Amino acid sequence: RVRPELMQGLNLSFPSSAPRHRITMFDQTDEALFQALTRYPQLKQRIAHLMAVVEDAEGDLARADDAERRVIEEIRRLGQESLQAWAERQVEQTALTVANTGEVRVGGKKNSAGTVRSA
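Being a predicted model, the structure only gives us computed values, none of them experimental.

Caption draft 1: Seen up close, the overall build of the chain. The helix and strand tally for the chain stands at 4 helices and 0 strands. Starting at the N terminus, the α and β elements of the chain follow one another as α-α-α-α. Burial status across the chain gives 17% buried among its 119 residues. Restricting to contacts in the chain with at least 6 residues of sequence separation, those with at least 24 account for 53%.

This is how it looks when you write it as structure tokens:
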């Protein structure tokens with residue numbers, strides 16, 4: 001049995017700071033989605049793995065439990081690889097910002113212990 005609550009909230013969009021590359025849930029033409037997946041080949045490959053499960057390409061998914069287990073595994077891997085791609089993109093964008101402006105954002109902990117309470 002496939003549990004719909006596991007699939008809810010999945011956002012397979014590939015955000016980008018450049019508006020021409022932004023794919024939203026309202027603008028997912030085949031071409032735009034293909035272009036986004038081409039920029040992220042590891043995600044394209046993971047989607048292909050997921051589609052192989054959907055189509056039972058290996059012919060070993062006779063039971064819904066087996067298919068559910070495989071889909072969950074592929075979605076988890078897709079999530080991990082999506083976050084990895086996101087992190088790599090953030091590093092690239094930060095490097096470009098630093099190279100272009102010389103501006104660096106510090107993302108560490110605050111040094112302040114907070115405000116002192118008055119008596």
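Caption draft 2: Helix H3 (residues 41-54), seen in detail. Taking 1.5 Å per residue, 14 residues should reach 20 Å; H3 reaches 20 Å between its end C-alpha atoms and fits that length. Looking only at H3, the buried set comprises Leu-43, Arg-46, Leu-50 and Val-53. Viewed end-on, H3 has its buried residues packed into an arc of 70 degrees, placing them on one side of the element. Of the exposed residues in H3, those oriented more than 90 degrees away from the buried face are Pro-41 and Gln-45. Summarising the contacts, the buried residues of H3 are in contact with helix H2 (30-39) and helix H4 (64-101).

Caption draft 3: Local environment of the packing of H2 against H3. Running from amino to carboxyl end, H2 crosses H3 at an angle of 115 degrees, the nearest separation of the two axes being 5 Å. Only Pro-41, Leu-43, Lys-44 and Ile-47 of H3 make contact with H2, whose side of the interface consists of Phe-34, Leu-37, Thr-38 and Arg-39. Each residue belonging to the contact of H2 with H3 can be placed in one class, and the counts come to 5 nonpolar, 1 polar and 2 charged.

Rules of the game
- Residues numbered from 1 in each chain as written.
- Predicted model: local features only at pLDDT ≥ 70, side-chain atom pairs only at ≥ 80, totals over all residues.
- Heavy atoms only, no water.
- Helix = DSSP H or I, 4+ residues; strand = E, 2+ residues; numbered from the N terminus.
- Buried < 20%, exposed > 50% of the residue type's maximum accessible area, 1.4 Å probe, protein only.
- Contact = heavy atoms within 4.5 Å.
- Expected span 1.5 Å × (residues − 1).
- Arc of directions from axis to C-beta.
- Axes fitted to C-alpha atoms, helices over the stretch in contact; angles between N-to-C directions.
- Nonpolar A, V, L, I, M, F, W, Y, C, P; charged D, E, K, R; others polar.

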